[in-house]
Amino acid sequence: MDNITRRDSEMAYVADAAVMEQQKESRRILQRLNFADRSDFEQIAAIVKELLGKSEGAFINPPFYCDYGFNIEVGKNFFANYNCTIIDVAKVKIGDNCQMAPNVAIYTAGHPVHPESRNTAYEYGIGVTIGDNVWIGGNTVIVPGVCIGSNTVIGAGSVVTKDIPDWVIAAGNPCRVIREITEEDRQYYFKDRKFDEESWSAIEAMRG
């Protein structure tokens, strides 16, 4: 079995010449993305679409780093802020309307714990899944195999090592559920600060 097949099957594999050839393609695109005119939003969006393939309304603020690009699947209106890193050895599936603050890192790649096994150059990739309407706070790290539910907020500085359910605020190292998100949260934009009448009317209008 070749190493690309092994990698894509979430088996132990070696990053041989064929694997690295695939990375060369994404690095050429990343070179253009990361050195694009930062004020040319249309060009940036076009390069992001080229990198990720199927996407609708996706935007990434450079710099951005990944291994392949084709292993990142995003829904509608995806946004990643500066210095996002997605090590997409395995699939990273992200739902609609997801936002990532600066310095978010998603790792699907890993290495054996025992040094003798690790020194053989075998590694692995285990997929990460993120639901719809998720906000990932700055400097968050998400490790291989994690699933984050829809409508959830991950607090800044978190290290997500286990699955997180829908409709919660979770934070910490290791990341843990702090509380559920309730209907009452709708009227607040930051802690105890409520939307003013003008913005609240606009929000209500959007709801139809």
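Structural data are supplied above this passage.
Residues numbered from 1 in each chain as written. Predicted model: local features only at pLDDT ≥ 70, side-chain atom pairs only at ≥ 80, totals over all residues. Heavy atoms only, no water.

Draft legend 1. Seen up close, the pairing of strand β11 (residues 122-125). Going residue by residue along β11, you find Glu-123 and Gly-125 tucked away on one face and Tyr-122 and Tyr-124 left uncovered on the opposite face. Examined bridge by bridge, strand β1 (residues 13-14) and β11 share two bridges and lie antiparallel to one another. The residue bridging Val-14 from the neighbouring strand is Tyr-122, located in β11. (Buried < 20%, exposed > 50% of the residue type's maximum accessible area, 1.4 Å probe, protein only. Helix = DSSP H or I, 4+ residues; strand = E, 2+ residues; numbered from the N terminus. Pairing = 2+ DSSP bridges.)

Draft legend 2. Region of the structure containing helix α5 (residues 197-207). Between a side-chain oxygen at the N-terminus of α5 and the backbone nitrogen of Glu-198 the separation is 3.0 Å; the capping residue is Asp-196. Just beyond α5, the residue with positive phi is Gly-208, at close to 85°. (Polar contact = N/O pair within 3.5 Å; in protein donor to acceptor, adjacent residues only side chain to side chain.)

Draft legend 3. Quick look at the sheet that holds strand β14 (residues 141-142). As summarised here, the arrangement of the five strands in space is β3-β6-β9-β14-β17, forming an open sheet in which the pairing is parallel. The sheet is open, and its two edges are formed by β3 (64-66) and β17 (159-160), each paired on a single side. The sheet contact formed by β3 and strand β6 (residues 84-87) spans three bridges and is parallel. When the sheet's bridge partners are listed, Cys-66 is paired in β6 with Ile-86.

Draft legend 4. Region of interest: the nonpolar core. Judged by nonpolar contacts, the single largest core of 39 residues is most densely connected at Phe-64, Phe-78, Met-100, Ile-106, Ile-130, Ile-142 and Ile-148. Considering each element in turn, this core owes the most residues, five residues, to helix α3 (residues 41-52). Dropping the residues within four chain positions of it, Ile-106 is found in contact with Thr-85, Ile-86, Ile-87, Val-92, Met-100, Val-128, Ile-130 and Ile-142. (Core = buried A, V, L, I, M, F, W, Y, C linked by side-chain atoms within 4.5 Å. Contact = heavy atoms within 4.5 Å.)

Draft legend 5. Examining unusual backbone geometry more closely. For the bond from Pro-62 to Pro-63, the omega torsion is 5°, close enough to zero to count as cis. Along the chain, the position of Pro-63 falls in the loop between β2 (59-60) and β3. With an omega of 0°, the peptide bond running from Asn-173 to Pro-174 counts as cis. With respect to the secondary-structure elements, Pro-174 resides in the loop between β18 (168-171) and β19 (176-180). Of note in the backbone geometry, Asn-97 takes a positive phi value of approximately 60° without being a glycine. Tracing the backbone shows Asn-97 in the loop between β7 (92-94) and β8 (99-100). What makes Asn-97 partly exposed here is its relative accessible area of 37%. Unlike most non-glycine residues, Lys-191 shows phi in positive territory, near 50°.

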